[in-house]
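Architecture at a glance
Below are the chains, spelled out letter by letter.
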Amino acid sequence: MSIEVNSKVVDWVENETVKDLLKRMRYTFPLVVVKINDKVVPRKDFSEVKIPDNSKVAVIHMISGG
Amino acid sequence: MVEGQLSIEEYETGNTKHKWDYKKLKLAHRVVFEYNYKKGKVQAGYTNRTLYINLTTNEIKEKKVTEEMKEKFTGGRGFGLKLLWDSIKHTTRWNSDENELVITTGPLCGTTQYPGSGKSLCLTVSPSTDIICDSNVGGFFGPYLKFAGFDALEIQGKAKYDVVIVIDGEKGKVIIETAPLEETNTHHLNEQLTKMYASEDTDKSRQKVSVISSGKGAENSYWGCLNFSFYDIRRKVPRIKQAGRGGLGSVLRDKKIKAIVTKVEKVSGISNNPADPITLAKIGTKLHREVRDLDRYQCNMRAVGTAHLVEIMDEYDLLPTENYRFGNFPKASKIYSPEFYKHFTKIIPDGCWHGCTMACSKTVDGFTVMTGPYKGQKVTVDGPEYETVACGANMSIWDPLWILEFNFYCDTYGLDTISTGTAIAFYMEMYEYGILNKERCNNLELCFGNSEAVLELIHRIARGDDGEFINVASKGIRRVKNWLIKNGWGEPNIIEDCGMESKGLEYSEYVTKESLAMQGGYGLTLKGPQHDEAWLIFMDMVNNAIPTFKDKAEALHYFPMWRTWFGLNGLCKLPWNDIEPANNAETDDPTKVPEHVQNYVDYQKAMTGKKITKEDLILQSERCYNWQRAMNVWMGRGRRKDDWIPYRSMGPVTEMEYLSRKDRYDKYLAEKIGLFEKEIEKMNINEKMKLLYNFRQDQYQKLADAVYFRRGWTPNGVPTPQKMKQLGMNDHIMLKFLQDVIDKDDKAGLNVWGGKYRKGEEPPSIQPKYWEKW
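Here the structure is a predicted model, which is why all the values come from computation and not from measurement.

1. Describing the overall build of chain A
The helix and strand inventory of chain A stands at one helix and five strands. Starting at the N terminus, the α and β elements of chain A follow one another as β-β-α-β-β-β. Relative to the globule expectation of 11 Å for 66 residues, the C-alpha radius of gyration of chain A, 11 Å, shows essentially globular dimensions. Each principal axis of the C-alpha distribution contributes one length, and for chain A these read about 40 × 25 × 20 Å. Per-residue burial for chain A yields a buried fraction of 44% across its 66 residues.

2. Re the overall build of chain B
Along chain B, the regular secondary structure elements total 31 helices and 17 strands. The C-alpha atoms of chain B give 25 Å as radius of gyration, which agrees with the globular expectation for 774 residues (28 Å, within 12%). Within the structure as shown, chain B displays about 27,900 Å² of accessible surface, and the carbon and sulfur contribution to it stands at 50%. Placing the 107 positive and 104 negative side-chain charges of chain B at their respective mean positions leaves the two points 4 Å apart.

3. Comments concerning helix α4 (residues 141-148) of chain B
Residues and elements named next belong to chain B. Of all the eight residues making up α4, eight are buried; the element is thus mostly covered by neighbouring parts of the structure. For α4, every residue scored as buried is listed here: Phe 141, Gly 142, Pro 143, Tyr 144, Leu 145, Lys 146, Phe 147 and Ala 148. Gly 149 occupies a position one or two residues after α4 and carries a positive phi of about 130°.

4. Considering the sheet that holds strand β3 (residues 59-64) of chain B
Picture the strands of a sheet paired through backbone hydrogen bonds; they go either parallel or antiparallel. Residues and elements named next belong to chain B. As summarised here, the arrangement of the six strands in space is β3-β2-β7-β4-β5-β6, forming an open sheet in which the pairing is mixed. Each edge of the open sheet carries a strand with a single partner, namely β3 and β6 (132-137). Along the sheet, successive strands turn relative to each other by an average axial angle of 15°, direction set aside. Summarising the sheet, strand β2 (residues 49-54) and β3 pair through six bridges and their orientation is antiparallel.

5. Re the environment of Thr591(B)
Note that Thr591(B) resides in the loop between α23 (574-577) and α24 (594-608). The sequence separation of Thr591(B) and Glu67(B) amounts to 524 residues, and the corresponding C-alpha distance is 34 Å. If we ignore the near neighbours within four places in the chain, the residues touching Thr591(B) are Ile60(A), His61(A), Met62(A), Ile63(A), Met539(B) and Phe559(B). At 2.8 Å, the side chain of Thr591(B) and the side chain of Asp589(B) are in polar contact.

6. So, the confidence of the model for chain B
Keep in mind that low pLDDT regions are not for reading the predicted coordinates in detail. Of the residues in chain B, 98% reach a pLDDT of 70 or more, and the chain-wide mean stands at 95. Across residues 1-5 of chain B, where pLDDT falls below 50, the model places three contacts with residues more than four positions away in sequence or in other chains.

7. Digging into the sheet that holds strand β12 (residues 237-243) of chain B
Residue and element names in this part refer to chain B. One open sheet accounts for seven strands, arranged β1-β9-β8-β13-β10-β11-β12; its pairing is mixed. Both edges of this open sheet fall to β1 (31-36) and β12, since each of them pairs with a single strand only. Within this sheet the neighbouring strands show an average axis-to-axis angle of 20°, counted without direction. Contacts between helix α5 (residues 186-197) and the sheet are confined to β8 (163-168), β9 (173-178), β10 (209-213), β11 (226-232), β12 and β13 (257-263), with β10 contributing the most and set at about 145° to the helix.

8. A closer look at the pairing of strand β7 (residues 152-156) of chain B
The side chains of a regular strand alternate, first on one face of the sheet and then on the other. Residues and elements named next belong to chain B. For β7, the tally of buried residues reaches five of five residues, placing the bulk of the element in the interior. Bridge count between β2 and β7: four bridges; the pairing is parallel. Looking at the pairing, Ile 53 lines up with Ile 155 of β7. Where strand β4 (residues 100-104) and β7 come together, five bridges link them in antiparallel fashion. Within β7, the position partnered with Glu 100 by the bridge is Gln 156.

9. Considering the domain arrangement of chain B
All names here are of chain B. The domains assigned to chain B are domain 1 (15-263), domain 2 (277-506) and domain 3 (516-579 + 613-773). Every contact between the two is made by 36 residues of domain 1 and, on the other side, 31 residues of domain 3. Around 3,000 Å² of area is buried between domain 1 and domain 3 when both sides are counted, 61% of it from carbon and sulfur atoms. Across the pair Arg 623 and Glu 71 runs a salt bridge, and its minimum N-O distance is 3.7 Å. Viewed at the interface, domain 3 and domain 1 are joined by 13 residue pairs in polar contact (both at pLDDT 80 or more). Elements that contribute at least two residues to the side of domain 1 that touches domain 3 include exactly α2 (67-73), α3 (76-87), β5 (120-125) and β6. For the side of domain 1 that touches domain 3, the leading source of residues is α3, giving six residues. When the residues that make up the side of domain 1 that touches domain 3 are grouped by side-chain class, the tally is 14 nonpolar, 13 polar and nine charged.

10. Topic: the pattern of salt bridges
Residue and element names in this part refer to chain B. Inspection of every chain in the model, using the stated rule, returns 72 salt bridges over all chains. Notably, a salt bridge pairs Asp 666 with Lys 662, separated by 2.8 Å at the nearest N-O pair. A residue pair is termed a helical-turn pair when its members lie 3 or 4 positions apart in one helix, as Asp 666 and Lys 662 do in helix α27 (residues 662-671) at four residues. When its relative accessible area of 34% is taken as the criterion, Lys 662 is described as partly exposed. Salt bridges sharing common partners tie together Asp 232, Arg 235, Arg 239, Asp 350, Lys 362, Asp 365 and Asp 382.

11. Some points on the pairing of β12(B)
All names here are of chain B. Of all seven residues in β12, six are buried; the element is thus mostly enclosed. Across seven bridges, β11 lies against β12 in antiparallel orientation. By the bridge assignment, Leu 226 is partnered in β12 with Ala 243. Hairpin connection of β11 to β12: four residues between the antiparallel strands, including Lys 236 at a positive phi of 60°.

12. With respect to unusual backbone geometry
Backbone phi values are negative for most residues with the exception of glycine, while trans is the configuration of most peptide bonds. The omega torsion across Gly383(B) and Pro384(B) is 5°, close enough to zero to call that bond cis. The topology assignment puts Pro384(B) in the loop between β15 (378-382) and α13 (386-394). For Asn6(A), which is not a glycine, the phi torsion comes out positive at approximately 50°. You can see Asn6(A) is positioned in the loop between β1 (2-5) and β2 (8-11). Here Asn6(A) falls in the buried class, since its relative accessible area comes to 4%.

13. A closer look at the environment of Thr417(B)
Residue and element names in this part refer to chain B. When you line up the elements, Thr 417 lands in helix α15 (residues 417-432). Thr 417 gets classed as buried once you look at its relative accessible area, which sits at 9%. With 399 residues separating them in the primary sequence, Thr 417 and His 18 have C-alpha atoms 26 Å apart. In contact with Thr 417, other than residues within four places in its own chain, are Thr 388, Cys 391, Phe 406 and Cys 410. Here Thr 388 takes part through its side chain, which lies 3.1 Å from a polar atom of the side chain of Thr 417.

Cut-offs used in this document
All residue numbers refer to position in the chain's written sequence, counted from 1. Naming scheme: in the order in which they are written, chains are lettered from A and ligands are numbered from 1. In view of the model being predicted, local features appear only for residues whose pLDDT reaches at least 70, and side-chain atom pairs are presented and counted only at 80 or more, with totals across whole chains, interfaces and linings using the full set of residues. Where side-chain values are given, they derive from all heavy atoms of the structure, hydrogens and water being excluded. Each helix corresponds to a stretch of at least 4 residues labelled H or I by DSSP, and each strand to a stretch of at least 2 residues labelled E; elements are numbered beginning at the N terminus. With C-alpha atoms as the basis for the radius of gyration, the globule rule is written as 2.2 Å multiplied by the number of residues raised to the power 0.38. Each residue is placed in one exposure class: buried if its accessible area under a 1.4 Å probe, protein chains only, is under 20% of its type's maximum, exposed if it is over 50%, and partly exposed if it falls in between. Accessibility throughout is a Shrake-Rupley quantity obtained with a 1.4 Å probe, and a residue counts as covered only by protein chains that appear here. The sign given to each residue is positive for Lys and Arg and negative for Asp and Glu; His and the chain ends receive no count. Every charge is mapped to an atom, namely NZ of Lys, CZ of Arg, CG of Asp or CD of Glu. When DSSP finds at least two bridges between two strands, those strands are taken to pair. What counts as an axis is a line fitted to C-alpha atoms, over the stretch in contact for a helix, and the angles between N-to-C directions run from 0 to 180 degrees. Here, two residues are considered to be in contact whenever any of their heavy atoms come within 4.5 Å of each other. Any pair of nitrogen or oxygen atoms within 3.5 Å is treated as a polar contact; in protein, a donor-acceptor pairing is required on top of that, and neighbouring residues in sequence qualify only through side-chain atoms on both sides. The quantity known as pLDDT measures the predictor's confidence residue by residue, on a range of 0 to 100. Here the limits of each domain have been adopted from an automatic or database domain assignment. Throughout, the accessible surface (probe 1.4 Å) given up by two parts as they are put together, summed over both, is called the buried area. Just to be clear on terms, a salt bridge is a Lys or Arg side-chain nitrogen sitting within 4 Å of an Asp or Glu carboxyl oxygen. All amino acids are sorted into three groups, where Ala, Val, Leu, Ile, Met, Phe, Trp, Tyr, Cys and Pro are nonpolar, Asp, Glu, Lys and Arg are charged, and the leftover types, Gly among them, are polar.

Rendered as structure tokens:
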């Protein structure tokens, strides 16, 4: 029972939403693009969309800073 | 006025209001030499001429900008490189008479329709690095220089007495006059000169004046910055932005220039005279709306500026604390952006150039100075930006008010906050190890967290204190390293590994230990470790999007080309990718923000009227980037040995650092080096650290191999004549010089790849002299 987040294997948590996953991974940067199995999750749906078991999640942090 | 907004009259901005004796100040001025010029018109972003001033020979002349110069060097930083190549020698150093201070604009600089279009690029031979340093800066000076009639200003020679250079775009006159009585430090000098040179005693008139200045700190250090003013009509104060890196302010004061003033007749939305104003307005409006509607949900720049990064960097273990030993700290929340938001003046817009909706130049008004010569005065503090706040973390000082004081004094003394903070953090670590002590530090107790000692050091630098430590410390980390080693104080390896400089320039404020690509983003650069070439930490360390050396090398080609392009055109980087369109996530490569890239193609096309593609923009940058590297080689640097970085930026130098992230490093030994868990358990910490040290040093050399190959350079980091020709840079003197260098390197056995390639690994090319096959 695991998922891949940015190519790293992490435990899968039942009913975990994108928002929960970002919190668990401590990804606090606001400018991120999230894809589950290559499909973009709209930012407005982060609290609703659940992460399926065995999925590949990409949390793409945009480049930022001065 | 929007409902709920306060009128300006109700705001207490609390700025110092001095009553200077302007008559006396002005009477002391004496015109040294002057020059009348015919006022011109900007055409499609260019004035098509530059202004040359020689303070030794009292010469002023105009130089024509040819179509070939525009084609090869575009503008901005490119023009600066061209002017320097034509004027300096390979032996020129920062204080040589022939060294120049060049201020440039760029074809898009001065546009008011597109956010972030007011940047100037400043270049000189740096006291820190002995090569050309470029630094970009906001404020009104660049646009005003162009609207006064010039694409660039080139100053050579040295004046005998303190002078002010005035470029009067109203009258078409350049005047060099002595200015003996004005203050040197910026916050006073700007007040004096802005009022003195305004045509009328009105705020609108003062808004048409911009001043470049530095300060007493710049006179006595290698950290001198240039302050570019922009008169804030609402606050009624000249505010400032800094060209911080590389000691440009030290060069300004070495030339005995107290200030450079430019004034214009008027500024309008068509001052740049774009070829296609309708398209320009269209793309500008689209971005304005994007910033207005989305920034608050993304980076929140309009509220707290780049300081929003402090909490993010802390969370990702990237905020440098105690001289980059760690990337986060329990006390860090004391300096998160909300702590500064409390002090920022709200509601008043904070753009450093007209029409910038990003408006990230935050300000603390009515700050009461706590120490030094201005103790008790109420001043406006411009900032702090992320880097300045992070300097507090690096010195382990967690007090927002102290950071504001540090920010204020660095600015008014003309000191770069980054170099000052990074260097002092290193001195503090040396103090902790007993390599420095109170006696060696001229009675300063420079231990981590000693905020009083830091300010005292800065005040003593500005006063020109002749203590040996003060004198050496103000010249930066590289000189202090040499001084410590020469005196036999401490282990040379520890000193070299801990001092965060490369090429002689201090690092900016990011921890790079876990991002090899960002180590390259600091080390494999033209001017030194400043993050304005590439910021790849997230892409590399968090996204894992560039796992191979080839991937990293591609990123270290592509992203510096964009950053360079902004410098060629007079643009700010922030509207590129610190704001993203609502549908950016759905694009093929969101990190490149394709819609904004297309904006830049359309923008330059609309301004210049030339047919341009995305590839053309990259080509413009690649030409100048390679030219600058070639000039580094010409000046005796620009080789693999010069791209060396201290080990602190690659991994843990001390046991304490290793132990603080033991799990991470042990896991790394297993996953990357292939050790078994039992082997790791048997090793002592020194053995583990040594293994990690050797492995990571080799990784960096392999990265350099891949990057040099991608850039078309030799294995020793020299741009090849073949590459230069491909780019259309055919200057035969430069081409011959590069070939001679490559031949000499060949004889010395230096044209070989630097990485140690094991079985199953390959260098970027089996043939090291791969370019000869082109």
